[in-house]
Amino acid sequence: MNVINKTETQRLIVTRILRQARARRNTSDIPGFTAAFGARTNVGITQAETAQLAGVSRRWYNNLEAGRSANYSDAFLHAVRRILDLNDEEWEIVYRVTRGRTPTAVTVSPLSGLLPDSIRALVEESQTWGLYLSDYRWDILAYNAKTLEYFPWMLYGINVMEWALTWPEARTQLIDWQDEWALPMIAQLRVHAEEWHHDERLRAVIETVRADPTARKLWDAPNLPSMTHPASHRPRRLYLPRQGGKEFAIRLIALTPMELQSCRMMAVTPA
């Protein structure tokens, strides 16, 4: 009886956390929400909207919110965390109850320990443009506050390629996702796959990308551009948090720190 009561209590806690998070969520903070679902005057996000942004059926999300046992993937749970903006305590409880263990630590690039303090300060303290640094696997090493105005998902330590190519929310935020974002990025990823073909972490990123059915089709596309970095002369469009359905154009300028030539420093500027 005690086990049953404990299980029921945990289920109710998950239900309460997720319902309260949906009720308080300001959808204007979700890039592309207004363009996808229309303008919203009140706070709160529905189950159906949460499910769509997470790339699952409403029934599957409802199972989670109801506290029902199921084989929920880490990708799905992480998506729910970001969409509903769960705090650390809420996230730990939801993950532990549904997965039976504590959340795994964010993947940290081995190059993060080699990042000179001067370069980290340059990135993190810059206030004019969005600026971030990633390694050749596209794991984030550093970013500034301005970058979060464009890409709030960086708070969660997600790999750039994994987010842009596999997360449903990226396809909501990034306008003309397939041609302007996905195909050029896959072309860059394939170049790195050949150059660092023995790197286990990079192979894991590629496996994650190829596990997504849509991204896998693009990986094998015959019309991939021949690119090793973003084209700075070509603006890309996206939606920003707290800007409704307004489209914004940015330029991505790739730079290489001489002390870490396998990394890239990305400047995100208005176009």
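If you're wondering where the values come from, they're calculated on a predicted model, not measured in any experiment.

The rules behind the values
- For every chain, the first residue of the written sequence is number 1, and numbering continues from 1 along that sequence.
- Restriction of local features to residues with pLDDT of at least 70 applies here, the model being predicted, together with a cutoff of 80 or more for giving and counting side-chain atom pairs; totals for whole chains, interfaces and linings are based on all residues.
- Side-chain figures throughout are based on the complete set of non-hydrogen atoms in the structure, without hydrogens or water.
- Two strands are said to pair when DSSP picks up at least two bridges between them.
- We count a stretch as a helix when DSSP gives it H or I for four or more residues in a row; a strand needs E for two or more, and each element gets its number in order from the N terminus.
- The classification of residues rests on relative accessible area computed with a 1.4 Å probe and restricted to protein chains. Under 20% of the type maximum is buried, over 50% is exposed, and intermediate values are partly exposed.
- Side-chain atoms alone can form a polar contact between residues adjacent in sequence; in general such a contact is a pair of N or O atoms within 3.5 Å, and within protein one must be able to donate a hydrogen while the other accepts it.
- For helices, the fitted line uses only the C-alpha atoms of the stretch in contact; every axis is such a line through C-alpha atoms, and the angle between N-to-C directions lies from 0 to 180 degrees.
- We call two residues in contact when some of their heavy atoms are within 4.5 Å.

### Regarding the pairing of strand S4 (residues 247-255)
And then number 1: Sheet topology places strand S3 (residues 236-239) next to S4; four bridges connect them, and they run antiparallel. When the bridges of S4 are listed, Tyr239 appears paired with Glu247.
And then number 2: One ladder, built from six bridges, connects S4 with strand S5 (residues 264-270); its direction is antiparallel. Across the sheet, residue Arg251 finds its bridge partner in S5, namely Thr269.

### Concerning unusual backbone geometry
And then number 1: One non-glycine residue, Trp138, adopts positive backbone phi at about 70°.
And then number 2: Examined against the element boundaries, Trp138 turns out to sit in the loop between strand S1 (130-134) and strand S2 (140-143).
And then number 3: Although it is not a glycine, Asp176 sits at a positive phi angle of roughly 55°.
And then number 4: Examined against the element boundaries, Asp176 turns out to sit in the loop between helix H10 (168-173) and helix H11 (177-195).
And then number 5: Here Asp176 falls in the partly exposed class, since its relative accessible area comes to 35%.

### Quick word on the environment of Arg264
And then number 1: Position of Arg264 relative to the elements: it lies in strand S5.
And then number 2: With 128 residues separating them along the chain, Arg264 and Tyr136 place their C-alpha atoms 7.3 Å apart.
And then number 3: Within the local environment of Arg264, its side chain forms a polar contact with the side chain of Gln188, the two groups lying 3.3 Å apart.
And then number 4: Side-chain polar atoms of Arg264 contact the backbone oxygen of Thr228, separated by 2.9 Å.

### Let's talk about the sheet that holds S1
And then number 1: Ordered in space as S2-S1-S5-S4-S3, the five strands form an open sheet in which the pairing is antiparallel. In this open sheet, the two edge strands, each paired with only one partner strand, are S2 and S3. Here the strands of the sheet are splayed against their neighbours by 30° on average, with no regard to which way each runs.
And then number 2: Sitting on the sheet, helix H7 (residues 117-125) is in contact with S1, S2 and S5, with an inclination near 55° to S2.
And then number 3: H11 contacts S3, S4 and S5 of the sheet and is inclined by roughly 115° relative to S3.

### Some points on helix H5 (residues 74-84)
And then number 1: With respect to burial, H5 is a largely interior element, eight of its 11 residues being buried.
And then number 2: Regarding H5, the residues found buried are Phe76, Leu77, Ala79, Val80, Arg81, Arg82, Ile83 and Leu84.
And then number 3: Residue Asp85 follows H5 closely and has a positive phi angle near 55°.

Any functional reading would require information that these geometric values do not contain.
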